[in-house]
Every structure is written in C-alpha cells, then in structure tokens.
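One-letter residues, chain by chain:
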Amino acid sequence: MSLIVQKYGGSSVADAESIKRVAKRIVETRKAGNDVVVAVSAMGDSTDELLDLAHQVTPIPAPRELDMLLTAGERISMALLAMSIRSMGHDARSFTGSQAGMITDARHGQARIVDVTPGRVRDALDEGAIAIVAGFQGFNRGTGDITTLGRGGSDTTAVALAAALDADVCEIYTDVDGIFTADPRVVPRARKIDRISSEEMLELAANGAKVLYIRAVEYARRHGVTLHVRSSFNNNEGTIVFNAPEPTAPDEASPDRENSESPVEEPLIAGVATDLSEAKITVVGVPDIPGKAAQIFNIVAKTGANIDMIVQNVSAAATGLTDISFTLPKSDGQTVLTALTVEQEDVGYRGLQYDDQIGKLALVGAGMRTNAGVSAKLFTALYEAGINIEMISTSEIRISVVTRADTVNDALRVVHTAFGLDADDEAVVHGGTGR
Ligand code: ADP
Ligand code: ASP
Ligand code: MG
C-alpha cells in the first residue's frame, strides 16, 4: 500500500462540478488501495477576489487580518471536497493548516514552515479516512495566530506533508499537462517536459514560471521529495521533477552515468520563463569610492526587499560618479525608494529613477555549463526581433535579460523558437484564467 499526497490547485476546484470531478479522482486513488492525503487550494481565483475585497476596505490591510481573510478560501474548498467524497461513500476529513500541524514562523503573508506535526492526519489515515488539508496556511506557536505561506503556497503544503509523512509520491494537479518549456498560455507551441531537474525548476520558478512555487521546489529538494506535476483534467503522465546528484565535470563524468537518476542526453535548454512583477530602481550619480554599494544595499536589505539583478556602470572619468541599477518586486518599490531617499545625503548620490514597465526573460538549462554560444544565440534572436536589451545577468545555468514590459511576450516566443523548443502541436490549457 502506498501513501500518495495530491495537491489540487485553484483552477482544478473552480466550481461545484470541478470539486465533484476531483473528489472522484481522489476516491479512485483510494479504491486502488492507497492512503491518500490531499492539499487543496482556494476555488478558482477566490484568493485574488478576497485580496481585492480587502483593498476596497483599506489600502493597507493589517497583515494578521489579511491572513485570517485569505485562509478562509482554502477552508471553503477543503470542506466542500470532504463533503463530496463522503457523499460517494468514502470517509474523508478536512483539516485546517493548524489542525494538520503546519507550524510556521510569525511572518504574516510570507510565513516559513518550521515544523510539521501531522498527528491528526496520520490518525485519519489509520482509521481508513482520506485526509483533506487546507493549503497555503499554517499556525505560529508564539503568537497563536494563523499565517499564510505566500502566493502559490499550497504547493509547499503538499510537499511538506509528503516529506513529514514519508509519502511515496507527491502529485501536483493543475490546469496544464505538466511543466512546459514556456508558459503555454503565451507560447502555444510550448513543449511538455517529461523530466526536469529540481535545480532547473528552481531557476524557472524563481523567474516567473508559476506552475510550481519556488519554496515548494526548494523544500522538495532539501527533503528528497520527487514531484509529479500533471493535469487534473486527464490521466496523462505529467512532468517528474527529480533531485539530481551533484553535477560532475565532463572530464570526470562516470561511464555508468546512464544508471544515475538524470537522463543521459541532457537537453541544452530546459525552458524559458518571464516575469512582469519586477521594477527597476537606478541610483544616479553615486560616488565611485569603496563602500558606496555596501551602503546602498544595506539600506535596501533593511527593508527586507528581495533584490534580483544588479548592474553598476563604469564611472564617468570627469565626475567620478557612477549609476547603480537593480531590480526588485514592484510590491517593494515604494518602501525601498523611501528608505533610499531618507539616506540620500549620507550616501551622496544625485537622484533616483523608478521604472515599473520592465519585463524579465530567463533562459534556463543545465547544459549551459558545458556549451558555448548560448548568450550569443539569445542576443541574436532578440536583435532580429528588434527587441532592446536593458540589463543582462547570468548564473551557471541561466541567462536573464530585462526588456520593456510590452515586448517580453514577443521575446519569449522568438527565443523559444530560436532554441528549437517549439513542439509540432499546440499545448492544451484545460482551465483556469491565468490570473
Ligand atoms: P494552480 O491553480 O493549479 O495552482 P497555477 O495557475 O498556479 O495553477 O499554475 C499553472 C499555470 O502556470 C498554467 O496554467 C500556466 O499558464 C502557468 N505556467 C507558467 N509557466 C509555465 C510552464 N513553464 N509550464 C507550465 N505552466 C506554466
Ligand atoms: N490560494 C493561494 C493563492 O492563490 C494558494 C495557492 O493557490 O497555492 O495563492
Ligand atoms: Mg499554483
């Protein structure tokens, strides 16, 4: 008998009919002789709708109350799903995050899981029931308050349960057939990937591919959980996210590599992701002397903002001044601008520019480690499409560029084609609104 953890995203439980369809699927898994634990998201776009509602009441909702509000979404879907399963003659019990033992730190809206104590889930399984757990939520012991794990956090709930219960599989059910080489809503000829390493998936998730939440991929990697991302609308095999052994340099690659978990022939490029949620701040006229970058980024760090790309220009010989640009989530933009303005005199820079009309594109592939010419091919494809590059940054397995926001989708399509990733057939998007 296997223990299977299944996560159903909002698009899979968008209405009563969908809930019944998912319930049937869960019952089938149970009838096949498995123990089943389900993590479920809020119905459809209801988390966004609750957020909109909060902002209609006040521009800056109190974080504790916002978490109280948002966790209601998952409470609705978990109860409906459990009822639906029970109506089919199977025992099912729903649990809130705190009842399921998802213990987090106290950071509302962005809480991290610090412990998982799924005693009640285990008891339910032992008594032959299916356990339905509300995704995206937890509980802080110190404050006694309910927390949320950040947008897309139900993926993390599922992975954390799979790790704590030592599940055999963790299946992430969504509205597309798996992980594709690009978002199939933007690139119709995106290709479904059969297997992807967690390090590549981490880069894609960090750069805007919301099909998996980055923290869930990190958690799965750390705890050795293998993920299977697939559609809840059919029975097709989806994408396996596997934890690869440490990469070996080509000259030491062992002959029995076929026996290791990663495929023998790794494709050069795993996929391309885009992100429209970032903005760019340029600190203009910074004295080009030691310590200034440290000073600026210490100010930024104190705001808690997550900095992504950083570019410092060569200073002008005549003035000894340079410009430093960096990207960050738009939601942190105002806070960081304010923090920098307060310290302007102390840092001695001339001014600040804020640009929230940028788009970021990231090309990801472990094969880049051993292949030259990837950047040249990327820049050529963008040049031929008349798309201007404003910033560039690279890691071992990723090249990112910043363009104007309104060109990033075109950029995505031309880059996808240039790297030979286009499939023969169009990808199917089964549901969801893409919000
Ligand atoms: P769920 O409601 O199941 O959590 P999400 O909307 O969070 O679903 O994630 C699924 C969506 O992610 C897809 O509908 C697709 O538009 C988007 N997406 C972005 N990048 C990719 C990718 N590389 N592969 C598959 N889907 C992607
Ligand atoms: N309902 C939450 C959200 O929309 C969590 C999730 O769906 O994973 O972000
Ligand atoms: Mg999601």
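Counting starts from 1 at the beginning of each chain's written sequence and moves along it residue by residue. Naming scheme: in the order in which they are written, chains are lettered from A and ligands are numbered from 1. pLDDT decides what is reported in this predicted model: residues at 70 or higher carry local features, side-chain atom pairs at 80 or more are listed and counted, and totals for whole chains, interfaces and linings draw on all residues regardless. Values reported for side chains reflect all heavy atoms of the structure, with hydrogen atoms and water molecules removed beforehand.

For the rest of this paragraph, the subject is the nonpolar core. Nonpolar cores are built from buried Ala, Val, Leu, Ile, Met, Phe, Trp, Tyr and Cys residues. Side-chain atoms within 4.5 Å join them into one set. For each residue, the accessible area found with a 1.4 Å probe, counting protein chains only, is set against the maximum for its type, and the residue is called buried under 20%, exposed over 50%, and partly exposed in between. Val37, Cys170, Met201 and Leu212 are the most contacted members of the largest nonpolar core, which has 46 residues in total. It is helix 5 (residues 154–164) that provides the largest number of residues to this core, a total of five residues. With near-sequence residues (within four places) excluded, Leu212 lies in contact with Asp155, Ile172, Ile179, Met201, Ala205, Val217, Leu227, Val229 and Val241. Counting residues in hydrophobic clusters, the runner-up holds 24 residues, among them Ala182, Val272, Val401 and Ala411. The helix count covers DSSP runs of H or I at least four residues long, the strand count covers runs of E at least two residues long, and both are numbered beginning at the N terminus. Pairs of residues are marked as contacts when any of their non-hydrogen atoms sit within 4.5 Å.

Next up on the list: a nonpolar patch on the surface. Residues Ile76, Leu80 and Met83 make up a contiguous nonpolar surface patch of about 270 Å² in total accessible area. Considering the arrangement of structural elements, one finds Leu80 in helix 3 (residues 63–87). Taking the relative accessible area as the measure of exposure, Leu80 reaches 31% and is therefore partly exposed. In this analysis, a patch consists of residues with relative accessible area above 30% that form no salt bridge, clustered at 9 Å for like charges and at 5 Å for the nonpolar side chains Val, Leu, Ile, Met, Phe, Trp and Tyr. Reported accessibility uses the Shrake-Rupley method at a 1.4 Å probe radius. Residues are deemed covered only where the shown protein chains occlude them. Salt bridge criterion: a side-chain nitrogen from Lys or Arg within 4 Å of a carboxyl oxygen from Asp or Glu.

If even one non-hydrogen atom of a residue comes within 4 Å of a molecule or strand, that residue is called near it. Near ligand 2 the following residues occur: Ser41, Ala42, Thr47, Glu74, Phe136, Arg151, Gly152, Gly153 and Ser154. N or O atoms closer than or at 3.5 Å make up a polar contact, with two conditions inside protein: a donor-capable atom paired with an acceptor-capable one, and, for residues adjacent in sequence, both atoms drawn from side chains. Measuring from a nitrogen atom of ligand 2, one finds a side-chain N or O atom of Glu74 at 2.7 Å. Residue Arg151 places a side-chain N or O atom 2.7 Å away from an oxygen atom belonging to ligand 2. Protein contacts shield 86% of the accessible area of ligand 2, which totals 260 Å² for the unbound molecule. Residue polarity follows a fixed list, in which Ala, Val, Leu, Ile, Met, Phe, Trp, Tyr, Cys and Pro are nonpolar, Asp, Glu, Lys and Arg are charged, and the others, Gly among them, are polar. Taken together, the residues of the shell around ligand 2 break down into two nonpolar, five polar and two charged.

Lining the immediate surroundings of ligand 1 are 18 residues, of which Thr174, Asp175, Phe180, Asp183 and Arg185 lie closest. In the environment of ligand 1, an oxygen atom lies 2.7 Å from a nitrogen or oxygen atom belonging to the side chain of Asp175. Of the residues in the shell around ligand 1, the class split is eight nonpolar, five polar and five charged.

Positive phi, normally seen in glycine, also occurs at Phe136, with a value near 75°. One non-glycine residue with positive phi stands out, namely Asp166, at about 55°. As for its position among the elements, Asp166 is in the loop between helix 5 and strand 9 (169–174). With a relative accessible area of 66%, Asp166 lands in the exposed category.

Mapped onto the fold, Gly208 is located in the loop between helix 6 (198–206) and helix 7 (214–223). Residues Gly208 and Ala273, 65 residues apart in the sequence, show an inter-C-alpha distance of 5.8 Å. Not counting the four nearest positions on each side in its chain, Gly208 is found in contact with Thr274 and Asp275.

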